[in-house]
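# Chain and residue survey
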Amino acid sequence: MENTTSQQLQGVSLMAGAMFLLPIMDAIAKWLSTVDSVSPGTVTLFRFAFQAVLAALIIVPTTGLGSLRPVKLWGNLFRGFLMGVGGLCFYAAIKYMPLADAIAVFFVEPLMLTMLSAIVLKEHVGWRRWIAVATGFIGTLIVIQPSWELFGWVSILPLVTAASFALYLMLNRRYGTADTPLVMQLYAGVGGTLTVLVALFFGAAYEVGDMIFSLPANALSWSLLLLMGVIATTGHQLITNASRLAPASLLAPFQYLEIVMAVLIGLFVFSEFPSASKWLGIAIIVASGAYLIWREGKRKARA
């Protein structure tokens with residue numbers, strides 16, 4: 001049964017709240033790596049470790065120790081692996097790239113999800129949606145191009161994050177009904193933590209500066225790391241609850257509020273503002289994603 005208009009409005013409000021919170025988490029990560037000299041690998045480690053701990057601290061008092069056992073252990077850990085890879089790439093990227101640029105490139109994710117759905121899930125994707133995917137990738141190249149000249153391969157890292165998150169969302173479709181959202185968050189945190197620990201091991205072995213463990217030097221840095229975990233847990237819980245109250249086609253456009261927040265934070269905190277060419281690329285990405293959302297809504301309505 002379709003939820004009432006009131007419930008759908010609640011869902012939209014929750015999604016908008018999540019899109020307000022998550023760029024703050026990314027800004028904290030950028031601040032820690034650029035101002036407090038905490039490596040992106042360390043930032044990512046604590047982001048997932050705190051998420052796992054916080055989720056467990058909520059689950060145990062409310063539903064008991066037995067609730068910590070997931071139905072789909074390996075599937076949820078693999079979801080965490082994908083999030084860990086995506087987190088490492090994204091936090092390494094925003095150390096060097098403007099926050100809005102990195103998030104704009106990340107928003108090629110709906111286009112990647114459409115492409116993967118056609119290739120992996122064998123879903124039918126018509127020629128109009130393929131054109132939208134191709135157009136969105138052109139917009140992504142427009143955003144990346146100036147960053148490529150400045151940062152080289154680092155500017156590709158948000159694309160890796162987008163690909164890993166698209167795969168993560170595909171697994172959510174498969175495992176989303178097996179476990180509760182908090183249990184899924186717990187094991188995504190565990191899987192992400194294990195993934196980052198492996199990356200830090202090899203980072204130390206091969207002396208990759210951004211992947212070397214470095215303890216925060218002061219109480220403020222520790223507080224910011226803990227705040228990241230709180231925001232991650234809260235933000236993803238808001239998204240999960242929003243998805244239960246409102247259809248994806250209604251919620252999806254509000255995800256682009258994240259770009260707006262990233263631009264504002266970049267401007268006021270880091271004195272970053274996208275150039276005219278980057279605004280063009282951002283507009284193309286958003287328009288392509290919005291068109292895919294609209295086409296998906298029409299397709300489901302016909303079905």
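## What about the packing of aromatic side chains?
- Scanning all chains against the criterion turns up 11 aromatic pairs.
- Here Phe 46 and Phe 213 contribute two aromatic rings whose centre-to-centre distance is 6.2 Å and whose plane-to-plane angle is 35 degrees, an arrangement assigned as tilted. Residue Phe 46 is found in helix 2 (residues 40-63), and its partner Phe 213 is found in the loop between helix 8 (181-205) and helix 9 (219-245); the two are separated by 167 residues along the sequence.
- Overall, the relative accessible area of 12% leaves Phe 46 in the buried class.
- The interplanar angle of 20 degrees and the centroid separation of 5.6 Å between the aromatic rings of Phe 78 and Phe 81 together place this pair among those described as stacked. Of the two residues, Phe 78 and Phe 81 both sit in helix 3 (residues 73-96), 3 residues apart, roughly one turn of that helix.

## Some details on a nonpolar patch on the surface
- The grouping of Trp 31, Val 35, Leu 257, Val 260, Leu 264, Leu 267, Phe 268, Val 269, Phe 273 and Trp 279 at the surface amounts to a nonpolar patch, some 920 Å² of accessible area in total.
- With 6 residues, the top contributor of residues to the nonpolar patch is helix 11 (residues 257-270).
- Structurally, Phe 268 is set in helix 11.
- Its relative accessible area of 66% is what places Phe 268 among the exposed residues.

## Considerations on the packing of helix 1 (residues 5-34) against helix 3
- Orientation of helix 1 relative to helix 3, taken along the N-to-C sense of each, is 65 degrees, at an axis distance of 9 Å. Our pair here, helix 1 against helix 3, has a crossing hand that is right-handed. Side by side, helix 1 and helix 3 meet where Met 25, Asp 26, Ala 29, Lys 30, Ser 33 and Thr 34 of the first sit next to Phe 90, Tyr 91, Ile 94 and Lys 95 of the second.
- Class assignment of the residues belonging to the contact of helix 1 with helix 3 gives a composition of 5 nonpolar, 2 polar and 3 charged.

## A few points about the side chain of Lys 278
- Position of Lys 278 relative to the elements: it lies in helix 12 (residues 276-302).
- Classification of Lys 278 as buried rests on a relative accessible area of 10%.
- Reaching out from Lys 278, the side chain makes a polar contact with the side chain of Asp 101 at a distance of 2.4 Å.

## With respect to the nonpolar core
- Leu 32, Tyr 91 and Met 228 are the most contacted members of the largest nonpolar core, which has 70 residues in total.
- Here the element with the most residues in this core is helix 1; it accounts for 10 residues.
- When residues no more than four places from it in sequence are discounted, the contact partners of Tyr 91 are Met 25, Asp 26, Ala 29, Pro 40, Val 43, Thr 44, Arg 47 and Met 228.

Criteria and thresholds
- Residues numbered from 1 in each chain as written.
- Predicted model: local features only at pLDDT ≥ 70, side-chain atom pairs only at ≥ 80, totals over all residues.
- Heavy atoms only, no water.
- Phe/Tyr/Trp six-rings, centres within 6.5 Å; stacked < 30°, edge-to-face > 60°.
- Helix = DSSP H or I, 4+ residues; strand = E, 2+ residues; numbered from the N terminus.
- Buried < 20%, exposed > 50% of the residue type's maximum accessible area, 1.4 Å probe, protein only.
- Patch = residues over 30% accessible without salt bridge, like charges linked within 9 Å, V, L, I, M, F, W, Y side chains within 5 Å.
- Areas by Shrake-Rupley, 256 points an atom, 1.4 Å probe, with all protein chains shown as cover.
- Salt bridge = Lys/Arg side-chain N within 4 Å of Asp/Glu carboxyl O.
- Axes fitted to C-alpha atoms, helices over the stretch in contact; angles between N-to-C directions.
- Left-handed = near helix turned anticlockwise from the far one by under 90°.
- Contact = heavy atoms within 4.5 Å.
- Nonpolar A, V, L, I, M, F, W, Y, C, P; charged D, E, K, R; others polar.
- Polar contact = N/O pair within 3.5 Å; in protein donor to acceptor, adjacent residues only side chain to side chain.
- Core = buried A, V, L, I, M, F, W, Y, C linked by side-chain atoms within 4.5 Å.

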